[in-house]
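Per-entry structural report
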Amino acid sequence: MNSDTGVLRTDFLVIGSGIAGLRAAIELGSAGKVIVLTKDRPDESNTEWAQGGIAVALSDEDEVSLHLEDTLRAGDGLGNPEAVKVLVEEGIKYISELIEWGTAFDREGTHLSFTKEAAHSRSRVLHAKGDSTGSEIIRVLLKKASANPNIVFKPHCFCLDLVVQDGSVWGAFFLDEQDKRVKKVLAQSTILTSGGAGQVYSETTNPDLATGDGLAMAHRAGALLSDVEFFQFHPTALFLSGAPRFLLTEAIRGEGGYLRNIDCSRFMRQYHEMGELAPRDIVSRSIVAELKKTSSNFVYLDLTHLEGNFIQSRFPRVYATCLNYNIDITVDMIPVHPAAHYLMGGIKTDLSGRTSLENLYAAGEVACTGVHGANRLASNSLLEGLVYGARAGLAAIADTHLAVPNEVASSNSSWSDHTQELHRINETKLAVQHLMWEKVGILRNGKELKEALRHLLHLSSHFMANTPDRSECELRNLMTVGELIIVSAMAREESRGAHYRSDYPCKDEQKFKNHSVISKSKHVDFIDIVSSKSTAETQKAT
Ligand SMILES: Cc1cc2nc3c(=O)[nH]c(=O)nc-3n(C[C@H](O)[C@H](O)[C@H](O)COP(=O)(O)OP(=O)(O)OC[C@H]3O[C@@H](n4cnc5c(N)ncnc54)[C@H](O)[C@@H]3O)c2cc1C
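Residues numbered from 1 in each chain as written. Predicted model: local features only at pLDDT ≥ 70, side-chain atom pairs only at ≥ 80, totals over all residues. Heavy atoms only, no water.

Looking at the overall build of the protein chain
Per the secondary structure count, the protein chain includes 17 helices and 21 strands. Taken over the C-alpha trace, the protein chain has a radius of gyration of 22 Å; the compact-globule value for 542 residues is 24 Å, and the two agree within 12%. Taken along the three principal axes of its C-alpha coordinates, the protein chain extends 65 × 55 × 55 Å. With 542 residues in all, the protein chain has 62% of them scored as buried. Counting contacts in the protein chain only where the partners sit at least 6 residues apart, residues at least 24 apart contribute 72% of the total. The distance from the centre of the 56 positive side-chain charges to the centre of the 69 negative ones in the protein chain is 2 Å. (Helix = DSSP H or I, 4+ residues; strand = E, 2+ residues; numbered from the N terminus. Rg over C-alpha atoms; globule rule 2.2 N^0.38 Å. Buried < 20%, exposed > 50% of the residue type's maximum accessible area, 1.4 Å probe, protein only. Contact = heavy atoms within 4.5 Å. Lys, Arg positive; Asp, Glu negative; His and termini not counted. Charge placed at Lys NZ, Arg CZ, Asp CG, Glu CD.)

Okay, structure coming up:
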């Protein structure tokens, strides 16, 4: 089916309207025409859901060098020091700008209020309206972007694929869900800011939109992806049957919340000296061990020893949400369980968001600058979206771009008519999500990873047709992302950060203190962090 019935042209195309996309668009809007495609409303994104806050070394007791050290320590040997330096240094400038633009971060009197979260050595997490930091930031960025007539938002426009020719990207094909037509937008630069892929797992804190579309599109276009085996599992998502896995922010433990097992005993000190504030991967694995020990399927998060008024004012969204499920968190303990939360890896970029494809930039959760290494420090991802969104915008402006070639402008794409029935799509999606959770989750091993790959490829074989249907396309994207995670996890025969292999429980510094890079042919190479050489090249040289 040839269904390209509309062609739009712009200087810059931004895909996604979370923190990274909006910040990139604001930069780009000063230099040319910008189209922002987003698959739902502009204010729907993972960013909108972010509760705990945004980390920045701005308090009197803090220093940029400490933020850098904490981030690298959490990254477990894989954080890229250059990328982290940019993050923590430029973070101060971009947060100050957010405040100037009207972001109402919480204050104590006239002073900004900072919280301490897990693995941070200082109180450095800014928050807004208690636990609604993301939506406050989105409010301000959307207002700023919407005030610029150069920036046009196209909501309910689902990107299907990138327009690619000979390794260069010239825009994207998208389904306009309002008139149900496939259209093409041509641009000299495309900035992918389409967020994460939590929906690849059955237990996730991510909203439905986090289906890894940008990762899959970039992979199909031939871009390199890096470190996708590192998926962070948040220790504390609400665990009630029939309820979504609502995130219970780390700040709750930062403010003194306890984890208790089913027998009401605190257990974290048995696993780590930092107790409830140990790094996320350790808390998640400790919970899994405790569940096994006590034959239960949840543990409790307990705030009942904290002052009731404080809880209500500090965590109003958590309080209200739990109350909807008849849990009054000032007097009741909350049943919790780990859930997939954040993808550390993504489309491989340099420090300005440039990918391995010409004219394609990526920023935010879809990208991998190496900032998070093998494990993300809490509240660093909003900061990454802000800093690297702006940097990707600046790079796209600064780079020289050719005009869109005529043959690209006149070419049509071809789409299949064979859309599968919705119930089959939904059933397969559930099967993929459960498979990934059971065999590619918090604890992994080679045998189960292989089984998962075989099963996933079998499921994918029924969905090969290139249909321009949103649900089917999201499912295909989830299956692609699942496969990339499995193949990379199989290749990394060690345990590091969020990637734990029970058949290789130790770190292997010699072979794997490197970033995995996966190509279009699904070959995984390991690249030295500093020199960018592959492991094979490094071993040859030594
Ligand atoms: C519940 C929750 C709480 C969190 N709390 C925190 C926190 O306190 N601090 C912190 O630092 N981080 C937190 N995170 C992580 C953080 O929110 C995300 O990593 C960050 O917001 C990602 O921003 P982004 O701009 O890269 O992507 P997103 O904010 O996810 O935006 C992606 C955008 O791309 C669009 N999109 C996706 N696919 C397509 C497509 N095919 N076509 C068109 N548009 C598309 C989406 O609609 C969306 O607009 C939290 C995450 C969750 C889920």
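Things to note about the packing of aromatic side chains
Two numbers describe a pair of aromatic rings. These are the distance of the centres and the angle of the planes. Under the criterion given, the structure shown has 10 aromatic pairs. Consider the rings of Phe233 and Trp437, whose centres lie 5.8 Å apart with planes at 70°: the pair is edge-to-face. On the criterion of sequence distance, the pair formed by Phe233 in strand 13 (residues 231-238) and Trp437 in helix 13 (residues 422-439) is long-range, its members being 204 residues apart. Taken individually, Phe233 and Trp437 each receive the classification buried, so the pair is uniform in this respect. When the centroid spacing of 6.4 Å and the interplanar angle of 35° are considered together, the rings of Phe239 and Phe298 count as tilted. Taken together, the positions of Phe239 in the loop between strand 13 and helix 7 (251-254) and Phe298 in the loop between helix 8 (280-294) and strand 15 (299-302) put the pair 59 residues apart, joining distant regions of the chain. The residues Phe239 and Phe298 share a single accessibility class, namely buried. Among the aromatic side chains, those forming a connected cluster through ring pairs are Tyr201, Phe231, Phe233 and Trp437. For Arg266, the ring lying beneath its charged end belongs to Tyr258, and the centroid distance is 3.7 Å. (Phe/Tyr/Trp six-rings, centres within 6.5 Å; stacked < 30°, edge-to-face > 60°. Lys NZ or Arg CZ within 6 Å of the ring centre and 35° of its normal.)

Considerations on the domain arrangement of the protein chain
The domain boundaries assigned to the protein chain delineate domain 1 (9-230 + 342-410), domain 2 (234-340) and domain 3 (422-541). Between the C-alpha centres of domain 1 and domain 2 there is a distance of 29 Å. Its largest share of buried area at the contact with domain 2, domain 1 owes to Gln51, Asp131 and Glu203, together 30% of the area lost on that side. Counting the contacts that link domain 1 with domain 2 gives 1 salt bridge. (Domains from an automatic or database assignment. Buried area = accessible area lost by both parts, 1.4 Å probe. Salt bridge = Lys/Arg side-chain N within 4 Å of Asp/Glu carboxyl O.)

Re the site of the ligand
Every one of the 36 residues lining the ligand counts as a neighbour, but Thr47, Gly53, Glu365, Ser381 and Leu382 are closest to it. One nitrogen or oxygen atom from the main chain of Gln51 is found 3.4 Å from a nitrogen atom belonging to the ligand. Expressed as a share of its isolated accessible area of 1000 Å², the protein-covered part of the ligand is 98%. When contributions to the shell around the ligand are tallied by element, the ones reaching two or more residues are helix 1 (19-28), helix 2 (46-49), strand 9 (157-165), strand 16 (334-343) and helix 11 (380-398). Classifying every residue of the shell around the ligand gives 11 nonpolar, 20 polar and 5 charged. (Near = heavy atom within 4 Å. Polar contact = N/O pair within 3.5 Å; in protein donor to acceptor, adjacent residues only side chain to side chain. Areas by Shrake-Rupley, 256 points an atom, 1.4 Å probe, with all protein chains shown as cover. Nonpolar A, V, L, I, M, F, W, Y, C, P; charged D, E, K, R; others polar.)

Some words on helix 8
Along its 15 residues, helix 8 runs 21 Å from first to last C-alpha, staying within 8% of the 21 Å computed at 1.5 Å per residue. Along helix 8, the residues that are buried comprise Arg280, Asp281, Val283, Ser284, Ser286, Ile287, Glu290, Leu291 and Thr294. For helix 8, the secondary structure elements touched by its buried residues are strand 13, helix 7, strand 14 (258-260), strand 15 and strand 16. At the exit of helix 8 stands Ser295, carrying a positive phi of roughly 45°. (Expected span 1.5 Å × (residues − 1).)

Looking at the side chain of Glu384
By the secondary structure assignment, Glu384 is in helix 11. Arg376 provides the closest opposite charge to the buried, unpaired Glu384, separated from it by 7.7 Å. When neighbours within four sequence positions are excluded, Glu384 is seen to be in contact with Leu87, Tyr342, Gly364, Thr369, Val371, His372 and Gly389.

Re the side chain of Ser488
Topologically, Ser488 is positioned in helix 15 (residues 470-491). Classification of Ser488 as buried rests on a relative accessible area of 0%. Among all residues touching Ser488, those that are not within four sequence positions of it are Val228, Glu229, Ser516, Ile518 and Val524.

Side note on unusual backbone geometry
For Lys129, which is not glycine, the phi dihedral falls at a positive 45°. Note that Lys129 resides in the loop between strand 7 (125-126) and helix 5 (133-146). Phi angles above zero are rare outside glycine, and Ser379 is one such case at about 70°. The topology assignment puts Ser379 in the loop between strand 19 (367-368) and helix 11.

Concerning the packing of helix 13 against helix 14 (residues 446-460)
Two numbers describe how helix 13 lies on helix 14: the axes approach to 10 Å, and their chain directions differ by 170°. With respect to helix 14, the axis of helix 13 lies roughly antiparallel. When helix 13 is examined against helix 14, the residues Thr428, Ala431, Val432, Leu435, Glu438 and Lys439 are found in contact with a partner set consisting of Glu448, Leu449, Glu451, Ala452, His455, Leu456 and Leu459. (Axes fitted to C-alpha atoms, helices over the stretch in contact; angles between N-to-C directions. Parallel < 35°, antiparallel > 145°, perpendicular 65-115°, else oblique.)

What about the sheet that holds strand 3 (residues 54-55)?
Here 3 strands make up an open sheet; going across it, the order is 3-7-6 and the pairing antiparallel. Each of the sheet's edge strands pairs with one partner strand only, and the pair in question is strand 3 and strand 6 (114-115). Sheet topology places strand 3 next to strand 7; 2 bridges connect them, and they run antiparallel. Each bridged residue has a counterpart across the sheet, and for Ile54 the counterpart in strand 7 is Leu126. (Pairing = 2+ DSSP bridges.)

Describing the packing of helix 13 against helix 15
In contact at an axis separation of 10 Å, helix 13 and helix 15 are set at 20° when each is read in the N-to-C sense. Viewed along their axes, helix 13 and helix 15 adopt a mutual orientation that is roughly parallel. In terms of crossing hand, the pair formed by helix 13 and helix 15 is left-handed. Residues Leu422, Ile425, Thr428, Lys429, Val432 and Met436 of helix 13 pack against Ser471, Glu472, Leu475, Leu478, Met479, Gly482, Ile485 and Ile486 of helix 15. (Left-handed = near helix turned anticlockwise from the far one by under 90°.)

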